[in-house]
Amino acid sequence: MPVTLFHNPRCSTSRNALALLRERGVEPEIVEYLKTGWDAATLNRLSAETGGPRGLLRTREEGAKALLAADASDAAILKAMIAEPILVERPIVETGKGARIGRPIERVLEVL
């Protein structure tokens with residue numbers, strides 16, 4: 001079963017999730033989303049598995065705080081995530097069983 005890790009190598013939680021997958025014998029396809037960016041189809045698919053656009057939002061980022069304070073629509077949140085990929089929480093693991101945000105990292109095991 002293919003496994004995709006949406007990964008930020010500068011994030012210790014993301015690095016730890018990658019290590020956990022490898023410890024379990026899984027070599028995921030790694031997508032460094034800060035380099036590749038996001039598209040609406042991918043974000044919509046992932047948000048459907050992780051609690052909607054707000055579930056994907058990295059609330060520690062100032063841009064995310066502003067979106068929440070403004071009570072932005074889901075469409076506005078997705079548009080902001082495409083414009084600023086850092087607004088997406090990480091890491092995210094996706095398999096044929098669904099997608100999970102790896103916070104805590106053990107949650108990624110739920111879709112293996």
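Coordinates for the structure precede this section.
Notes on the structure follow. Note that the structure is predicted; figures quoted are calculated from it, not measured.

### Side note on the packing of aromatic side chains
Throughout the structure, instances matching the rule amount to two aromatic pairs. Here the aromatic rings of Phe6 and Trp38 are separated by 5.2 Å at their centres, their planes lie at 35 degrees, and the arrangement is tilted. One end of the pair, Phe6, is in strand S1 (residues 4-6); the other, Trp38, is in the loop between helix H2 (33-36) and helix H3 (40-49), with 32 residues separating them in the sequence. Judged by its relative accessible area of 6%, Phe6 falls in the buried class. Grouped by ring-pair contacts, the aromatic residues Phe6, Tyr33 and Trp38 constitute a single cluster.

### Side note on unusual backbone geometry
Here the residue pair Arg90 and Pro91 is connected by a cis peptide bond, since its omega of -10 degrees sits within 30 degrees of zero. For the bond running from Arg103 to Pro104, omega is -5 degrees, close enough to zero to count as cis. Tracing the backbone shows Pro104 in the segment after strand S4 (98-101). Positioned with a positive phi, Asp71 is a non-glycine residue whose angle comes to about 50 degrees. Accessibility expressed as a relative area gives 60% for Asp71, which makes it exposed.

### Here we look at the packing of H3 against helix H6 (residues 74-83)
H6 packs onto H3 with a crossing angle of 125 degrees between their chain directions and a minimal axis gap of 10 Å. Viewed along their axes, H3 and H6 adopt a mutual orientation that is oblique. The two elements H3 and H6 meet at a crossing, and its hand is right-handed. Residue-level inspection shows Ala40, Leu43 and Asn44 of H3 in contact with H6, the latter providing Leu78, Met81 and Ile82. Each residue belonging to the contact of H3 with H6 can be placed in one class, and the counts come to five nonpolar, one polar and no charged.

### Remarks on the nonpolar core
Formed by 20 residues in total, the largest nonpolar core has its most connected members in Trp38, Met81 and Ile92. Of all the secondary structure elements, the ones that give two or more residues to this core are H3, helix H5 (62-69), H6 and S4. If you tally residues by element for this core, the top one is H6, at four residues. Setting aside its immediate chain neighbours within four residues, Met81 contacts Trp38, Leu43, Pro53, Leu56, Leu57, Leu87 and Val88. In terms of nonpolar packing, the next biggest core, distinct from the first, is built from 11 residues, Val3, Leu18, Leu20 and Val93 among them.

Each value, and the rule that gives it
Residues numbered from 1 in each chain as written. Predicted model: local features only at pLDDT ≥ 70, side-chain atom pairs only at ≥ 80, totals over all residues. Heavy atoms only, no water. Phe/Tyr/Trp six-rings, centres within 6.5 Å; stacked < 30°, edge-to-face > 60°. Helix = DSSP H or I, 4+ residues; strand = E, 2+ residues; numbered from the N terminus. Buried < 20%, exposed > 50% of the residue type's maximum accessible area, 1.4 Å probe, protein only. Axes fitted to C-alpha atoms, helices over the stretch in contact; angles between N-to-C directions. Parallel < 35°, antiparallel > 145°, perpendicular 65-115°, else oblique. Left-handed = near helix turned anticlockwise from the far one by under 90°. Contact = heavy atoms within 4.5 Å. Nonpolar A, V, L, I, M, F, W, Y, C, P; charged D, E, K, R; others polar. Core = buried A, V, L, I, M, F, W, Y, C linked by side-chain atoms within 4.5 Å.

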